[in-house]
Amino acid sequence: MGVAVVDVWFVAAGVGEQWLTQRSTVDARGLPAELDAVEERRARRLRPDRRAAFVVARVMLRRVLGERLGLAPEAVPLVARCELCGEAHGQVHIEGVERLWVSVTRSSGVLAVALTDAGPVGIDVQSVASVDAAPVVDVALSPGERLQVEGLAPAERPDAVAAAWVRKEAALKALGTGLRRSPSDLEMMPLVGGAAVRGVPDLQVADLGVGPGIVGAVAVLLGGVGTGGPGTDERPRVEVRPHEGEILLDAEQRDQ
Ligand SMILES: CC(C)(COP(=O)(O)OP(=O)(O)OC[C@H]1O[C@@H](n2cnc3c(N)ncnc32)[C@H](O)[C@@H]1OP(=O)(O)O)[C@@H](O)C(=O)NCCC(=O)NCCS
């Protein structure tokens, strides 16, 4: 069986504005020169706390892609076009670059970027507490998944529900619809370290080890370089290669 590699860069929860403003090369409160005009416009509209996460995640994304493509981060042609309203938001693509896919998440204080040549990718990270506070069981789980959760001991349910939720969000990002498609439509079939999705055989989901109380998942719609291709019987296993995201942002380490 082949392997579909996804590189993932994390900046862990707890790396807050103080670290970003004191040690990082990113002007988290301002508008770094690496952003393009669309990103600047989006950043200006956000509240300061949300702006810092958006700005830093975009700089991470640009630095990851810049290194991969041999471009300056500000020269990376990132584009997004919403299928619904035509505005410049939604799934990010690299214009003019085929067979390289990215996804970004900035939830629960964790920033993460996923990059792969295996197919469209989605990444999601959430705290178990934030998922527990939302009506996920009623809204996002399929009837079969709900039954499985109800069969667990009450103490085990929050972790299980949160794991199911990030798998679904990652899968919906890889599909490009986000929550325009109901997460309860996607039935996850748990595998060791991830899940397959009923009825979408080319979509594979791998769990991420992020940290205590935090769950994450990455999903790939297989069909790119190094995979069996869409519709083939042999489906590669998704292998996550984790990287320290702070290195991308840390002035001292980047200069070494
Ligand atoms: C995608 C989505 C599930 C992410 O929600 P979230 O957990 O709050 O946010 P995360 O931090 O994990 O992810 C944000 C990233 O998801 C990506 N994203 C947004 N919509 C996406 C989509 N339809 N498909 C794939 N990725 C998407 C973007 O890259 C975004 O990063 P950015 O803000 O830097 O551009 C949610 O925002 C969503 O469903 N959006 C689409 C809703 C929609 O299409 N509305 C119509 C508007 S006209």
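Here, the structure is the one placed above.
All of the points below concern the structure found in this document. Keep in mind that this is a model prediction, so the values were computed, not measured. (Residues numbered from 1 in each chain as written. Predicted model: local features only at pLDDT ≥ 70, side-chain atom pairs only at ≥ 80, totals over all residues. Heavy atoms only, no water.)

### Here's the deal with the sheet that holds strand β11 (residues 237-244)
- Spatially, four strands are ordered β4-β5-β1-β11 in an open sheet, and the strand pairing comes out mixed. Pairing within the sheet leaves two strands with one partner each, and these edge strands are β4 (101-107) and β11. The average undirected angle you get between the axes of adjacent strands in this sheet is 20°.
- Two elements, strand β1 (residues 3-11) and β11, share eight bridges in a ladder whose sense is parallel. Considered in β11, the bridge of V3 is made with R237.
- Running at roughly 25° to strand β5 (residues 110-116), helix α3 (residues 48-69) makes contact with β1, β4 and β5 of the sheet. (Pairing = 2+ DSSP bridges. Helix = DSSP H or I, 4+ residues; strand = E, 2+ residues; numbered from the N terminus. Axes fitted to C-alpha atoms, helices over the stretch in contact; angles between N-to-C directions. Contact = heavy atoms within 4.5 Å.)

### Comments concerning the pairing of β1
- With seven of nine residues buried, β1 lies mostly within the body of the structure.
- The pairing of β1 with β5 spans six bridges and is antiparallel. Its bridge partner being in β5, V8 is matched across the sheet by A114. (Buried < 20%, exposed > 50% of the residue type's maximum accessible area, 1.4 Å probe, protein only.)

### As for the nonpolar core
- In this structure, M60 and L65 are the most contacted members of the largest nonpolar core, which totals 26 residues.
- Of all the elements in the fold, those that place two or more residues in this core are β1, α3, β4, β5 and α8 (246-249).
- No other element matches α3, which puts nine residues into this core.
- Ignoring sequence-local partners within four residues, the contact set of M60 consists of W9, F10, V11, L111, A112, V113, G245, L248 and L249.
- If you look at the next biggest cluster of nonpolar residues, it comprises 25 residues, including A162, A174, V215 and A217. (Core = buried A, V, L, I, M, F, W, Y, C linked by side-chain atoms within 4.5 Å.)

### Some thoughts on the side chain of S103
- Within the secondary structure, S103 sits in strand β4.
- Among the residues examined, S103 registers a relative accessible area of 6% and is labelled buried.
- Here the side chain of S103 touches I123 through a polar contact of 3.0 Å, landing on its backbone nitrogen.
- Sequence-distant contacts of S103, defined by excluding residues within four places in its chain, comprise A112, V113, A114, V121, G122, I123 and K173. (Polar contact = N/O pair within 3.5 Å; in protein donor to acceptor, adjacent residues only side chain to side chain.)

### A few points about the sheet that holds strand β8 (residues 194-197)
- Reading across from one edge, β6-β10-β9-β8-β7 is the order of the five strands in this open sheet, with antiparallel pairing throughout. Of all strands in the sheet, those bounded by a partner on one side alone are β6 (121-127) and β7 (188-191). For this sheet the average axis-to-axis angle between neighbouring strands, irrespective of direction, equals 25°.
- For β8 and strand β9 (residues 203-211), the ladder comprises three bridges, and the chain directions are antiparallel. For A195, the partnering residue across the bridge sits in β9 and is V205.
- Contacts between helix α7 (residues 157-175) and the sheet are confined to β6, β7, β8, β9 and β10 (214-221), with β6 contributing the most and set at about 150° to the helix.

### Some points on the state of the cysteines
- The tally for this structure, following the rule as stated, stands at zero disulfides.
- Counting only cysteine sulfurs, C85 is the nearest neighbor of C82, a cysteine outside any disulfide, at a range of 3.7 Å.
- You can call C82 buried: its relative accessible area is 11%.
- Judged by relative accessible area, which is 46%, C85 ranks as partly exposed. (Disulfide = S-S within 2.5 Å.)

Read these as layout, nothing more, since geometry by itself doesn't imply function.
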